Amino acid sequence: MPDWKTDMKRIFVILFFAFFLGGAALAQEAPKKDAEGFEAVNGDMMQSGESIPGSRLVGAAYGFICFAMVVWVASVARRARRLEDEVDELKKKLAR
Amino acid sequence: MRSIYLLLWKDVVVELRAKELVYATIFFAVVVLLIFCFAFLGGPKPTVDVAAGVLWVAIALAGTVGISRAFEREREGDTMRALLLSPVPRSALYISKLVAISLLMVIVEAVSLLLVSLLFGVTVTHFGTLVALLLLGTAGFAAVAALFGASLGRARSRDVLLPLLVYPIVVPVLIAGTRGTVALLTAADPAVAAFWLKFLLVFDAVFVSLGVWVFEPLVAGDA
Amino acid sequence: MKLRPWFLVVVALAALGLLAAPQLILSAPRETTMGLVQKIFYYHVPSAWICFLSAFVCAAGSAMYLFKSSEAGDRLAVSAAELTVLFGSCMLVTGPLWGRKAWGVYWVWDVRLTTALLLFIIFIAYLFARRYGGPGSRKLCAGLALFGAADVPLIYFSVSIWRTIHPKTTVVSSLGRGMGIPFAFSMLTFTILYIALLEMRMALERARARVDELHIEAEDAGLEN
């Protein structure tokens, strides 16, 4: 099983970049949208949400999803690596 | 049907001889109730909501203790294995366990209810509905607990596993039970209680049939 | 760890979707009352959808394992259970962030919220029991998954009488094209991502089964004791 490791790395990198490029796009556009929306909203929206700006909530939500996915993929990769080590050990024993 | 009855009778007789389970579980429930009393009484007068919650929590805790002890006893004598080897339908085995557990819990509930109404000064109206609520709640709880208790077999750390598996599943029973009880005790609103009663009925029907269905493959390997 | 040939295609699709989704979401018209926060909706709902889907996938796998003693079913179940917790946590984090703005509080004991939390807890229990249960825990967990999956629709449908402040599912059909298309796109992306992640997790489980077999073979050959 020589190829899965590179596969895993590739997947990891792809997902990582997808999330962070997406996140970056959001980060770039969020302030603009916020500024634009600030005029449109007329007071009554703030009654419940007082002080926390919407962009921060949206950012936090998106950030958490990215974070959770990346952590999980990393944990699968780590478990896969551990299995790989086990296989190596078995192979070594076989060679003896 | 006959085998269910026989199996049930066996459990009852064993318990009547030892009496260990009933006393231990009742005592446990009383202690739990007293701890709640120390926590809630003495300060400002607790609401009736608290009494309903306390009642159901005590029942759930005592139920788990009793059930894990009951199956521990089966395990010590290796009787579960004997039962599984005997030519009884598995579903009969499950149903008899379910009823046995329910019986034990009903006794505990009677004591707890009395104690709660005394200690929290609750006057019980709509007694019939309350009893129905308790009975259906117990059946739902027992349906899940009998299944997992029997199939825990020789799993490691089963004392921890039983509540871990049972509680999340029976949360709806506890919600329905407490909400229904609160409705009965505070507003004395039979309509709300009737809704929760129906909910429990559906829940019991689904879980008992699911239990009968899953019991066989679940215990198959442990014999 | 051998992945199925279609896996890379799915990953590529998911990656493309994830790249395009934020742009689409941002270009969607602003919802008038909620403003920017409404955009949480575009990934909160797909997370919830995947969380529930995954729970039922897990139950299906468990049923296959219990009744047909299918090892593949068990692998599917454990993979889906992990993903239920993963997407469930996404759902439970993004939801309150939206609720903070919409309701002014992070959490209310609403039916839907309670159901979602319950599902999440059941599957955390599943993972715990799997991890620490020792022998026999696989069957127990399969039972747990079945009961858990039965729990959810039960509460979900029966409590329609219970008043709910959570937006109803009919909101989706009232979106209109402006918001509907990004929403559908993000649902699709999440589903593809889910398939990719599920396959990845199952490949790990397959590899683990293979390694266990190798261990047994090695033992038989006298290499291990």
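1. Remarks on the packing of aromatic side chains
Then comes step 1: Under the defined criterion, the tally for this structure stands at 15 aromatic pairs over all chains.
Then comes step 2: With 5.5 Å between their ring centres and 85 degrees between their planes, tryptophan 196 of chain B and phenylalanine 199 of chain B make a pair best called edge-to-face. Residue tryptophan 196 of chain B and its partner phenylalanine 199 of chain B are located together in helix 8 (residues 190–220), separated by three residues, close to a single helical turn.
Then comes step 3: Between phenylalanine 207 of chain B and phenylalanine 147 of chain C, the ring centres sit 5.0 Å apart and the planes meet at 90 degrees, which makes this aromatic pair edge-to-face. Taken together, the residues span two chains, with phenylalanine 207 of chain B in helix 8 and phenylalanine 147 of chain C in helix 5 (residues 137–158).
Then comes step 4: In textbook terms, an aromatic cluster arises when at least three aromatic residues are bridged by ring pairs, as seen for Phe148, Phe195, Trp196, Phe199, Phe203 and Phe207 of chain B together with Phe147 of chain C.
Then comes step 5: Positioned above the aromatic ring of tyrosine 106 of chain C is the side chain of arginine 100 of chain C, whose terminal nitrogen or guanidinium carbon lies 5.3 Å from the ring centre.

2. Quick notes on the environment of arginine 81 of chain B
Residues and elements named next belong to chain B.
Then comes step 1: As for its position among the elements, arginine 81 is in helix 4 (residues 79–85).
Then comes step 2: Assessed through its relative accessible area of 43%, arginine 81 is described here as partly exposed.
Then comes step 3: It is 9.7 Å that separates the C-alpha atoms of arginine 81 and valine 219, two residues lying 138 residues apart in sequence.

3. Details of the interface of chain B and chain C
Then comes step 1: Contact with chain B, which involves 31 residues of that partner, is made by 27 residues of chain C.
Then comes step 2: Summing both partners gives a buried area of about 2500 Å² for chain B against chain C, and 83% of it is carried by carbon and sulfur.
Then comes step 3: Our enumeration of links across chain B and chain C arrives at one residue pair in polar contact (both at pLDDT 80 or more).
Then comes step 4: Breaking the side of chain B that touches chain C down by element, the ones donating at least two residues are helix 6 (127–151), helix 7 (158–187) and helix 8 of chain B.
Then comes step 5: Counting residues per element, the side of chain B that touches chain C draws most heavily on helix 8 of chain B, at 14 residues.

4. Description of the pattern of salt bridges
Residues and elements named next belong to chain C.
Then comes step 1: Counted by the stated rule, this structure contains nine salt bridges over all chains.
Then comes step 2: Between arginine 138 and glutamate 71 there is a salt bridge, and its shortest N-O distance comes to 3.3 Å. Remark: glutamate 71 occurs in helix 3 (residues 71–102) and arginine 138 occurs in helix 5; sequence separation between them is 67 residues.
Then comes step 3: Given a relative accessible area of 31%, arginine 138 falls into the partly exposed group.
Then comes step 4: In this structure, arginine 201 engages glutamate 205 in a salt bridge whose closest nitrogen and oxygen atoms are separated by 2.6 Å. Placement of both arginine 201 and glutamate 205 in helix 6 (residues 176–220) is noted, with a separation of four residues, approximately one turn of the helix. The pair arginine 201 / glutamate 205 is uniform in exposure class, with both members buried.

5. Focus: a nonpolar patch on the surface
Residue and element names in this part refer to chain B.
Then comes step 1: On the surface, Leu34, Phe38, Leu114, Leu118 and Leu119 cluster together into a nonpolar patch covering about 530 Å² of accessible area.
Then comes step 2: Elements with a minimum of two residues in the nonpolar patch: helix 2 (20–40) and helix 5 (90–119).
Then comes step 3: By the secondary structure assignment, leucine 34 is in helix 2.

The rules behind the values
Residues numbered from 1 in each chain as written. Chains lettered and ligands numbered in written order. Predicted model: local features only at pLDDT ≥ 70, side-chain atom pairs only at ≥ 80, totals over all residues. Heavy atoms only, no water. Phe/Tyr/Trp six-rings, centres within 6.5 Å; stacked < 30°, edge-to-face > 60°. Helix = DSSP H or I, 4+ residues; strand = E, 2+ residues; numbered from the N terminus. Lys NZ or Arg CZ within 6 Å of the ring centre and 35° of its normal. Buried < 20%, exposed > 50% of the residue type's maximum accessible area, 1.4 Å probe, protein only. Contact = heavy atoms within 4.5 Å. Buried area = accessible area lost by both parts, 1.4 Å probe. Polar contact = N/O pair within 3.5 Å; in protein donor to acceptor, adjacent residues only side chain to side chain. Salt bridge = Lys/Arg side-chain N within 4 Å of Asp/Glu carboxyl O. Patch = residues over 30% accessible without salt bridge, like charges linked within 9 Å, V, L, I, M, F, W, Y side chains within 5 Å. Areas by Shrake-Rupley, 256 points an atom, 1.4 Å probe, with all protein chains shown as cover.

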